[in-house]
Amino acid sequence: MTLLDDYGYINLDALDIYLDETEAAFSPPGDFSATNPYRDLPDSPVILNAIKQTLYIHDYLSDILLPTSLPEDTDYELCSLFLRSLETRTDLTWLVLDESDIKQVIMAIAQRRDSPRMPMAEEPFDLQARFKALHKHWDDLERLPDHPQRWESSYDTQLLPPLLKAQPLSSNHDELLSEEEQQQQQQNTLAHLLTPEQELLASTNFNYYLTTRAHKVSYLKLHPPQPMAFAPIAKQPHALRETWDNVFPDGKVEAGRAIAANKLTDEQTWQPIYRKLDTERIPYDWMAPGEAEDSIMGLTQEQWDARTVVSDARWKRLEERRAKVKDWQDEVRPAKEAKVREEMERDRAENAAAAAEREGKKLEL
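Residues numbered from 1 in each chain as written. Predicted model: local features only at pLDDT ≥ 70, side-chain atom pairs only at ≥ 80, totals over all residues. Heavy atoms only, no water.

This part covers the side chain of R333. Relative to the helices and strands, R333 is located in helix α11 (residues 301-364). Exposure remark for R333: the relative accessible area of 19% places this residue in the buried category. Polar side-chain contacts of R333 include one of 3.2 Å to the backbone oxygen of P116. R333 has contacts with P116, R117 and P119, leaving out every residue within four places of it along the chain. (Helix = DSSP H or I, 4+ residues; strand = E, 2+ residues; numbered from the N terminus. Buried < 20%, exposed > 50% of the residue type's maximum accessible area, 1.4 Å probe, protein only. Polar contact = N/O pair within 3.5 Å; in protein donor to acceptor, adjacent residues only side chain to side chain. Contact = heavy atoms within 4.5 Å.)

If you want it as C-alpha coordinates, here you go:
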(Lines give C-alpha, C1' and ligand atoms only; values in the text may rest on other atoms or scores of the structure.)
Protein backbone atom coordinates (compact mmCIF):
# COMPACT_ATOMS: atom_id res chain seq x y z
CA MET A 1 0.00 0.00 0.00
CA THR A 2 0.95 3.64 -0.15
CA LEU A 3 -0.47 6.95 1.06
CA LEU A 4 -2.22 9.95 -0.42
CA ASP A 5 -0.68 13.21 0.76
CA ASP A 6 -2.14 16.68 1.17
CA TYR A 7 -0.98 17.80 -2.28
CA GLY A 8 -2.86 15.15 -4.26
CA TYR A 9 0.23 12.99 -4.84
CA ILE A 10 0.59 9.32 -3.97
CA ASN A 11 3.59 9.74 -1.69
CA LEU A 12 5.80 6.66 -1.28
CA ASP A 13 8.40 8.42 0.88
CA ALA A 14 5.72 9.06 3.51
CA LEU A 15 5.87 5.36 4.38
CA ASP A 16 9.37 5.82 5.80
CA ILE A 17 7.88 7.16 9.04
CA TYR A 18 6.06 3.87 9.55
CA LEU A 19 9.03 1.59 8.85
CA ASP A 20 11.60 0.61 11.44
CA GLU A 21 15.20 -0.18 10.56
CA THR A 22 14.48 -3.89 10.07
CA GLU A 23 11.77 -3.36 7.46
CA ALA A 24 12.45 -2.96 3.76
CA ALA A 25 11.55 0.30 2.10
CA PHE A 26 8.38 0.24 0.05
CA SER A 27 8.91 -0.62 -3.62
CA PRO A 28 6.01 -0.45 -6.04
CA PRO A 29 5.75 -3.40 -8.41
CA GLY A 30 6.80 -2.98 -12.01
CA ASP A 31 9.77 -2.05 -14.18
CA PHE A 32 10.44 1.71 -14.18
CA SER A 33 13.45 1.67 -16.50
CA ALA A 34 11.38 3.26 -19.28
CA THR A 35 10.83 6.34 -17.10
CA ASN A 36 14.35 6.52 -15.66
CA PRO A 37 15.06 10.29 -15.56
CA TYR A 38 18.84 9.85 -15.33
CA ARG A 39 21.07 9.70 -18.40
CA ASP A 40 24.23 11.28 -19.77
CA LEU A 41 24.15 14.97 -20.56
CA PRO A 42 23.53 15.94 -24.20
CA ASP A 43 26.64 16.36 -26.32
CA SER A 44 25.78 20.00 -26.92
CA PRO A 45 28.24 22.81 -26.17
CA VAL A 46 25.31 25.25 -26.01
CA ILE A 47 23.47 23.30 -23.31
CA LEU A 48 26.66 22.53 -21.37
CA ASN A 49 27.62 26.20 -21.41
CA ALA A 50 24.13 27.15 -20.23
CA ILE A 51 24.42 24.73 -17.29
CA LYS A 52 27.87 26.07 -16.40
CA GLN A 53 26.70 29.67 -16.37
CA THR A 54 23.42 29.08 -14.54
CA LEU A 55 25.23 27.05 -11.88
CA TYR A 56 27.40 30.08 -11.20
CA ILE A 57 24.44 32.48 -11.30
CA HIS A 58 22.60 30.17 -8.86
CA ASP A 59 25.37 30.40 -6.28
CA TYR A 60 25.95 34.12 -6.74
CA LEU A 61 22.32 35.21 -6.45
CA SER A 62 21.56 32.91 -3.51
CA ASP A 63 24.66 34.03 -1.61
CA ILE A 64 23.87 37.74 -2.06
CA LEU A 65 20.07 37.91 -1.98
CA LEU A 66 18.95 35.20 0.45
CA PRO A 67 17.45 35.78 2.91
CA THR A 68 18.04 39.43 1.99
CA SER A 69 20.76 41.66 0.65
CA LEU A 70 22.36 44.34 2.84
CA PRO A 71 22.22 48.12 2.33
CA GLU A 72 26.01 48.17 2.19
CA ASP A 73 26.18 45.72 -0.74
CA THR A 74 27.86 46.86 -3.94
CA ASP A 75 26.80 43.82 -6.00
CA TYR A 76 23.35 45.00 -7.09
CA GLU A 77 24.32 45.87 -10.64
CA LEU A 78 25.94 42.49 -11.22
CA CYS A 79 22.89 40.77 -9.70
CA SER A 80 20.75 42.76 -12.14
CA LEU A 81 22.95 41.74 -15.08
CA PHE A 82 22.79 38.08 -14.09
CA LEU A 83 19.01 38.36 -13.79
CA ARG A 84 18.86 40.04 -17.19
CA SER A 85 20.78 37.08 -18.59
CA LEU A 86 18.11 34.70 -17.23
CA GLU A 87 15.32 36.95 -18.52
CA THR A 88 16.66 36.95 -22.09
CA ARG A 89 18.50 33.63 -22.53
CA THR A 90 17.47 31.52 -25.49
CA ASP A 91 19.57 28.48 -24.52
CA LEU A 92 17.61 27.37 -21.45
CA THR A 93 15.96 23.95 -21.45
CA TRP A 94 14.13 22.11 -18.68
CA LEU A 95 17.29 20.10 -18.15
CA VAL A 96 19.33 23.28 -17.61
CA LEU A 97 16.83 24.57 -15.02
CA ASP A 98 16.81 21.18 -13.28
CA GLU A 99 20.54 20.56 -13.23
CA SER A 100 21.42 24.06 -12.03
CA ASP A 101 18.51 24.25 -9.58
CA ILE A 102 18.17 27.88 -10.68
CA LYS A 103 14.36 27.73 -10.72
CA GLN A 104 14.27 27.02 -6.97
CA VAL A 105 16.60 29.95 -6.20
CA ILE A 106 14.52 32.34 -8.32
CA MET A 107 11.38 31.13 -6.53
CA ALA A 108 12.97 31.63 -3.10
CA ILE A 109 14.07 35.17 -3.98
CA ALA A 110 10.69 36.00 -5.55
CA GLN A 111 8.86 34.87 -2.40
CA ARG A 112 10.78 37.18 -0.05
CA ARG A 113 8.56 39.58 1.87
CA ASP A 114 9.60 42.72 3.73
CA SER A 115 8.11 42.51 7.21
CA PRO A 116 8.95 43.65 10.75
CA ARG A 117 9.90 40.07 11.59
CA MET A 118 12.11 39.59 8.50
CA PRO A 119 13.18 43.05 7.22
CA MET A 120 14.46 43.35 3.67
CA ALA A 121 16.90 45.91 2.32
CA GLU A 122 15.73 48.22 -0.43
CA GLU A 123 17.13 46.91 -3.71
CA PRO A 124 17.62 48.94 -6.93
CA PHE A 125 16.99 47.94 -10.56
CA ASP A 126 13.45 46.79 -9.68
CA LEU A 127 14.98 43.44 -8.73
CA GLN A 128 12.15 42.00 -6.64
CA ALA A 129 9.45 42.64 -9.24
CA ARG A 130 11.66 41.15 -11.95
CA PHE A 131 12.37 38.02 -9.93
CA LYS A 132 8.62 37.57 -9.41
CA ALA A 133 7.97 38.01 -13.14
CA LEU A 134 10.64 35.44 -14.08
CA HIS A 135 9.34 32.96 -11.50
CA LYS A 136 5.80 33.34 -12.88
CA HIS A 137 7.06 32.98 -16.46
CA TRP A 138 8.78 29.66 -15.75
CA ASP A 139 5.81 28.41 -13.72
CA ASP A 140 3.44 29.25 -16.57
CA LEU A 141 5.64 27.34 -19.02
CA GLU A 142 5.70 24.35 -16.70
CA ARG A 143 1.89 24.20 -16.70
CA LEU A 144 1.59 24.05 -20.49
CA PRO A 145 0.21 20.76 -21.90
CA ASP A 146 3.37 20.08 -23.96
CA HIS A 147 5.69 20.25 -20.93
CA PRO A 148 7.94 17.17 -21.29
CA GLN A 149 8.61 14.66 -18.52
CA ARG A 150 12.10 14.21 -17.12
CA TRP A 151 12.59 10.87 -18.88
CA GLU A 152 11.72 12.27 -22.32
CA SER A 153 14.53 13.42 -24.63
CA SER A 154 12.73 16.72 -25.30
CA TYR A 155 13.23 17.56 -21.61
CA ASP A 156 16.91 18.00 -22.46
CA THR A 157 16.54 19.87 -25.73
CA GLN A 158 13.27 21.85 -25.74
CA LEU A 159 14.34 25.50 -25.72
CA LEU A 160 12.25 27.70 -23.46
CA PRO A 161 11.02 31.06 -24.74
CA PRO A 162 12.70 33.90 -22.84
CA LEU A 163 10.72 36.25 -20.64
CA LEU A 164 12.11 39.27 -22.50
CA LYS A 165 13.18 39.72 -26.09
CA ALA A 166 15.46 42.24 -27.79
CA GLN A 167 16.89 43.45 -24.47
CA PRO A 168 20.58 44.09 -23.85
CA LEU A 169 22.75 42.46 -21.23
CA SER A 170 23.53 45.86 -19.69
CA SER A 171 22.35 48.03 -16.85
CA ASN A 172 20.28 50.17 -19.24
CA HIS A 173 17.18 47.97 -19.28
CA ASP A 174 15.14 50.18 -21.65
CA GLU A 175 17.60 50.17 -24.55
CA LEU A 176 16.68 48.02 -27.57
CA LEU A 177 19.20 45.83 -29.34
CA SER A 178 20.29 46.30 -32.91
CA GLU A 179 20.11 43.27 -35.23
CA GLU A 180 23.83 42.65 -34.81
CA GLU A 181 23.55 42.92 -31.03
CA GLN A 182 20.61 40.51 -31.03
CA GLN A 183 22.72 37.92 -32.84
CA GLN A 184 25.47 38.38 -30.28
CA GLN A 185 22.93 38.10 -27.46
CA GLN A 186 21.95 34.64 -28.74
CA GLN A 187 25.31 33.38 -27.50
CA ASN A 188 24.29 34.38 -23.97
CA THR A 189 27.83 34.58 -22.69
CA LEU A 190 28.68 36.05 -19.32
CA ALA A 191 32.41 35.89 -19.89
CA HIS A 192 32.79 39.66 -20.15
CA LEU A 193 30.98 40.14 -16.82
CA LEU A 194 33.20 37.85 -14.77
CA THR A 195 36.61 38.60 -13.37
CA PRO A 196 39.33 36.02 -14.10
CA GLU A 197 38.91 34.71 -10.55
CA GLN A 198 35.15 34.33 -11.00
CA GLU A 199 35.60 32.60 -14.36
CA LEU A 200 38.10 30.20 -12.78
CA LEU A 201 35.65 29.45 -9.95
CA ALA A 202 32.80 28.88 -12.43
CA SER A 203 34.97 26.45 -14.43
CA THR A 204 36.16 24.64 -11.30
CA ASN A 205 32.63 24.21 -9.98
CA PHE A 206 31.41 23.03 -13.39
CA ASN A 207 34.14 20.39 -13.67
CA TYR A 208 33.28 19.13 -10.18
CA TYR A 209 29.60 18.99 -11.17
CA LEU A 210 30.37 17.03 -14.37
CA THR A 211 32.52 14.48 -12.56
CA THR A 212 30.25 13.82 -9.59
CA ARG A 213 27.13 13.79 -11.78
CA ALA A 214 28.68 11.20 -14.11
CA HIS A 215 29.54 9.05 -11.07
CA LYS A 216 25.97 9.12 -9.72
CA VAL A 217 24.28 8.66 -13.08
CA SER A 218 26.50 5.69 -13.94
CA TYR A 219 24.87 3.85 -11.04
CA LEU A 220 21.31 5.01 -11.71
CA LYS A 221 21.48 4.02 -15.39
CA LEU A 222 22.20 0.44 -14.32
CA HIS A 223 19.88 0.55 -11.28
CA PRO A 224 16.78 2.58 -12.24
CA PRO A 225 15.47 4.44 -9.18
CA GLN A 226 12.07 3.85 -7.64
CA PRO A 227 9.58 6.73 -7.86
CA MET A 228 9.06 8.76 -4.72
CA ALA A 229 5.44 9.50 -5.65
CA PHE A 230 2.77 9.20 -8.32
CA ALA A 231 0.51 11.86 -9.81
CA PRO A 232 -2.48 11.62 -12.15
CA ILE A 233 -1.67 12.06 -15.84
CA ALA A 234 -5.10 13.52 -16.60
CA LYS A 235 -5.51 17.29 -16.39
CA GLN A 236 -9.11 17.77 -17.51
CA PRO A 237 -11.62 17.69 -14.60
CA HIS A 238 -13.70 14.77 -15.95
CA ALA A 239 -10.70 12.54 -16.73
CA LEU A 240 -9.06 13.49 -13.44
CA ARG A 241 -12.23 12.50 -11.55
CA GLU A 242 -12.25 9.10 -13.27
CA THR A 243 -8.59 8.54 -12.33
CA TRP A 244 -9.30 9.16 -8.65
CA ASP A 245 -12.51 7.08 -8.77
CA ASN A 246 -10.46 4.09 -9.93
CA VAL A 247 -8.40 4.12 -6.74
CA PHE A 248 -11.20 5.38 -4.46
CA PRO A 249 -14.47 3.82 -5.73
CA ASP A 250 -16.35 5.33 -2.78
CA GLY A 251 -15.46 8.82 -4.03
CA LYS A 252 -13.71 9.84 -0.81
CA VAL A 253 -10.36 11.35 -1.82
CA GLU A 254 -8.74 12.10 1.52
CA ALA A 255 -5.13 12.56 2.60
CA GLY A 256 -3.76 9.60 4.51
CA ARG A 257 -5.93 6.94 2.85
CA ALA A 258 -4.24 3.66 1.95
CA ILE A 259 -3.95 2.70 -1.74
CA ALA A 260 -2.93 -0.64 -3.24
CA ALA A 261 0.30 -0.07 -5.17
CA ASN A 262 -0.81 -2.18 -8.15
CA LYS A 263 -3.55 0.38 -8.83
CA LEU A 264 -0.80 2.87 -9.67
CA THR A 265 1.23 0.61 -11.94
CA ASP A 266 -1.32 -1.66 -13.65
CA GLU A 267 -3.14 1.20 -15.38
CA GLN A 268 -1.54 3.89 -17.56
CA THR A 269 -3.27 6.72 -15.69
CA TRP A 270 -0.56 7.62 -13.20
CA GLN A 271 2.91 9.02 -13.82
CA PRO A 272 5.89 8.53 -11.51
CA ILE A 273 7.63 11.43 -9.77
CA TYR A 274 11.33 11.03 -9.03
CA ARG A 275 13.69 12.62 -6.55
CA LYS A 276 16.37 15.13 -7.40
CA LEU A 277 19.72 13.58 -8.26
CA ASP A 278 21.35 14.90 -5.09
CA THR A 279 18.84 13.01 -2.94
CA GLU A 280 19.02 9.67 -4.75
CA ARG A 281 20.67 6.88 -2.80
CA ILE A 282 24.03 5.94 -4.33
CA PRO A 283 26.08 3.24 -2.55
CA TYR A 284 29.16 4.77 -0.99
CA ASP A 285 31.39 2.04 -2.44
CA TRP A 286 30.02 2.34 -5.99
CA MET A 287 32.75 2.47 -8.62
CA ALA A 288 31.83 3.64 -12.10
CA PRO A 289 33.60 2.02 -15.06
CA GLY A 290 36.99 3.64 -15.53
CA GLU A 291 37.18 5.17 -12.05
CA ALA A 292 40.29 4.60 -9.98
CA GLU A 293 39.88 2.42 -6.89
CA ASP A 294 40.94 5.24 -4.57
CA SER A 295 38.66 7.82 -6.17
CA ILE A 296 35.86 9.57 -4.25
CA MET A 297 32.72 10.06 -6.34
CA GLY A 298 34.95 9.99 -9.40
CA LEU A 299 37.42 12.54 -8.00
CA THR A 300 41.03 11.91 -7.11
CA GLN A 301 42.02 12.58 -3.52
CA GLU A 302 43.76 15.78 -4.64
CA GLN A 303 40.65 16.98 -6.47
CA TRP A 304 38.46 16.09 -3.51
CA ASP A 305 40.71 17.98 -1.09
CA ALA A 306 40.80 21.04 -3.38
CA ARG A 307 37.01 20.99 -3.68
CA THR A 308 36.67 20.74 0.09
CA VAL A 309 38.85 23.85 0.54
CA VAL A 310 36.70 25.83 -1.92
CA SER A 311 33.45 24.59 -0.36
CA ASP A 312 34.58 25.29 3.20
CA ALA A 313 35.67 28.81 2.23
CA ARG A 314 32.28 29.52 0.68
CA TRP A 315 30.34 28.27 3.71
CA LYS A 316 32.56 30.33 6.01
CA ARG A 317 31.75 33.45 3.95
CA LEU A 318 28.06 32.56 4.07
CA GLU A 319 28.12 32.11 7.85
CA GLU A 320 29.77 35.52 8.26
CA ARG A 321 27.27 37.11 5.90
CA ARG A 322 24.27 35.49 7.61
CA ALA A 323 25.55 36.89 10.91
CA LYS A 324 25.72 40.39 9.36
CA VAL A 325 22.19 39.99 7.98
CA LYS A 326 20.90 38.97 11.40
CA ASP A 327 22.62 41.93 13.10
CA TRP A 328 21.18 44.36 10.54
CA GLN A 329 17.67 42.89 10.86
CA ASP A 330 17.87 43.07 14.66
CA GLU A 331 18.90 46.71 14.35
CA VAL A 332 16.09 47.83 12.03
CA ARG A 333 13.33 45.59 13.41
CA PRO A 334 12.24 47.88 16.32
CA ALA A 335 11.71 50.84 13.97
CA LYS A 336 9.74 48.69 11.52
CA GLU A 337 7.60 47.26 14.31
CA ALA A 338 6.94 50.77 15.65
CA LYS A 339 5.92 51.94 12.17
CA VAL A 340 3.48 49.03 11.83
CA ARG A 341 1.96 49.80 15.24
CA GLU A 342 1.64 53.45 14.26
CA GLU A 343 -0.13 52.53 11.02
CA MET A 344 -2.46 50.17 12.87
CA GLU A 345 -3.33 52.86 15.42
CA ARG A 346 -3.99 55.34 12.61
CA ASP A 347 -6.23 52.84 10.81
CA ARG A 348 -8.15 52.13 14.02
CA ALA A 349 -8.63 55.86 14.65
CA GLU A 350 -9.82 56.43 11.07
CA ASN A 351 -12.21 53.46 11.29
CA ALA A 352 -13.58 54.70 14.64
CA ALA A 353 -14.08 58.21 13.22
CA ALA A 354 -15.86 56.78 10.16
CA ALA A 355 -18.10 54.63 12.38
CA ALA A 356 -18.94 57.62 14.58
CA GLU A 357 -19.78 59.67 11.50
CA ARG A 358 -22.09 56.94 10.19
CA GLU A 359 -23.77 56.67 13.61
CA GLY A 360 -24.24 60.44 13.73
CA LYS A 361 -25.94 60.43 10.32
CA LYS A 362 -28.27 57.66 11.51
CA LEU A 363 -29.28 59.75 14.55
CA GLU A 364 -29.94 62.77 12.33
CA LEU A 365 -32.34 60.66 10.29
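It is worth spelling out the pairing of strand β3 (residues 229-232) at this point. Residues A229 and A231 line one face of β3 and the alternating positions F230 and P232 line the opposite face, and both faces are buried. Direction of pairing for β3 relative to strand β5 (residues 270-273): antiparallel, over a ladder of 4 bridges. Note that in β5 the partner of A231 across the bridge is Q271. (Pairing = 2+ DSSP bridges.)

For the rest of this paragraph, the subject is α11. Its 64 residues give α11 an end-to-end C-alpha distance of 89 Å, which sits within 8% of 94 Å, the value for a rise of 1.5 Å per residue. The largest bend along α11 measures about 35 degrees and falls at R333, with the proline P334 one to four residues further on. Those residues of α11 that sit buried are R314, L318, R321, V325, W328, Q329, V332 and R333. (Expected span 1.5 Å × (residues − 1). Bend = angle between axes of the 7 residues up to and from the residue.)

Relative to each other, helix α1 (residues 45-65) and helix α4 (residues 102-110) sit at 25 degrees, their axes nearing to 9 Å. Accordingly, the angle class assigned to the pair α1 and α4 is roughly parallel. As for how α1 packs across α4, the hand of that crossing is left-handed. Contacts from T54, I57, H58, L61, S62 and L65 of α1 reach α4 at I102, V105, I106 and I109. Looking at the contact of α1 with α4 residue by residue, the classes come out as 7 nonpolar, 3 polar and no charged. (Axes fitted to C-alpha atoms, helices over the stretch in contact; angles between N-to-C directions. Parallel < 35°, antiparallel > 145°, perpendicular 65-115°, else oblique. Left-handed = near helix turned anticlockwise from the far one by under 90°. Nonpolar A, V, L, I, M, F, W, Y, C, P; charged D, E, K, R; others polar.)

Our focus in this paragraph is the packing of α1 against helix α2 (residues 76-88). Look at α1 against α2: their axes get within 11 Å of each other, and the N-to-C directions meet at 140 degrees. In terms of their interaxial angle, α1 and α2 are classed as oblique. The crossing of α1 and α2 is left-handed. Contacts from T54, Y56, I57, Y60, L61, I64 and L65 of α1 reach α2 at L78, C79, F82, S85 and L86.

Right, let's get into helix α9 (residues 237-247). Inspection of α9 places T243, W244 and V247 among the buried residues, and these make up the whole buried set. Seen end-on, α9 carries its buried residues on one side only, within an arc spanning 90 degrees. (Arc of directions from axis to C-beta.)

Let us now look at the environment of R89. Examined against the element boundaries, R89 turns out to sit in the loop between α2 and α3 (94-100). As a C-alpha pair, R89 and L163 span 74 residues in sequence and 8.4 Å in three-dimensional space. A polar contact of 2.8 Å, which involves the side chain of R89, links it to the side chain of Q53. Here D91 takes part through its side chain, which lies 2.9 Å from a polar atom of the side chain of R89.

A separate point is the pattern of salt bridges. Inspection of every chain in the model, using the stated rule, returns 25 salt bridges. Measuring nitrogen to oxygen at the nearest pair gives 2.9 Å for the salt bridge that ties D156 to R39. Taken together, the positions of D156 in helix α6 (residues 154-157) and R39 in the loop between β2 (10-11) and α1 put the pair 117 residues apart, joining distant regions of the chain. For D156, a relative accessible area of 8% translates into the label buried. Taking the shortest distance from any N to any O, the salt bridge between E345 and R348 comes out at 2.4 Å. One end of the pair is E345 and the other is R348, both in helix α11 and 3 residues apart, which spans about a single turn. In this structure E345 comes out as partly exposed when scored by relative accessible area, which is 47%. The exposure class assigned to R348 is partly exposed, which follows from its relative accessible area of 44%. (Salt bridge = Lys/Arg side-chain N within 4 Å of Asp/Glu carboxyl O.)

Attention now goes to the packing of aromatic side chains. Evaluated as defined, the whole model comprises 8 aromatic pairs. Aromatic rings pair up to connect Y56, Y60 and F82 into one cluster. The side chain of R314 reaches across the aromatic face of W315, ending 5.5 Å from its centre. (Phe/Tyr/Trp six-rings, centres within 6.5 Å; stacked < 30°, edge-to-face > 60°. Lys NZ or Arg CZ within 6 Å of the ring centre and 35° of its normal.)

A contiguous patch of negative charge, built from E342, E343, D347 and E350, is present on the exposed surface. On the basis of relative accessibility, which here comes to 39%, the residue D347 falls in the partly exposed class. (Patch = residues over 30% accessible without salt bridge, like charges linked within 9 Å, V, L, I, M, F, W, Y side chains within 5 Å. Areas by Shrake-Rupley, 256 points an atom, 1.4 Å probe, with all protein chains shown as cover. Lys, Arg positive; Asp, Glu negative; His and termini not counted. Charge placed at Lys NZ, Arg CZ, Asp CG, Glu CD.)

By size, the foremost hydrophobic cluster in this structure holds 47 residues, and its most contacted members are I51, L61, F82, I106, F131 and W138. Mapped by element, the contributors of at least two residues to this core are α1, α2, α3, α4, α5 (127-142), α8 (196-222) and α11. Among the elements that take part in this core, α1 stands out by supplying 10 residues, more than any other. The residues touching I51, leaving out its near neighbours within four places in the chain, are L41, V96, E99, F206 and Y209. Counting 9 residues, the second largest nonpolar core, distinct from the first, contains F230, W244, F248 and L264. (Core = buried A, V, L, I, M, F, W, Y, C linked by side-chain atoms within 4.5 Å.)

Interpretation in functional terms is not warranted from these geometric data alone.
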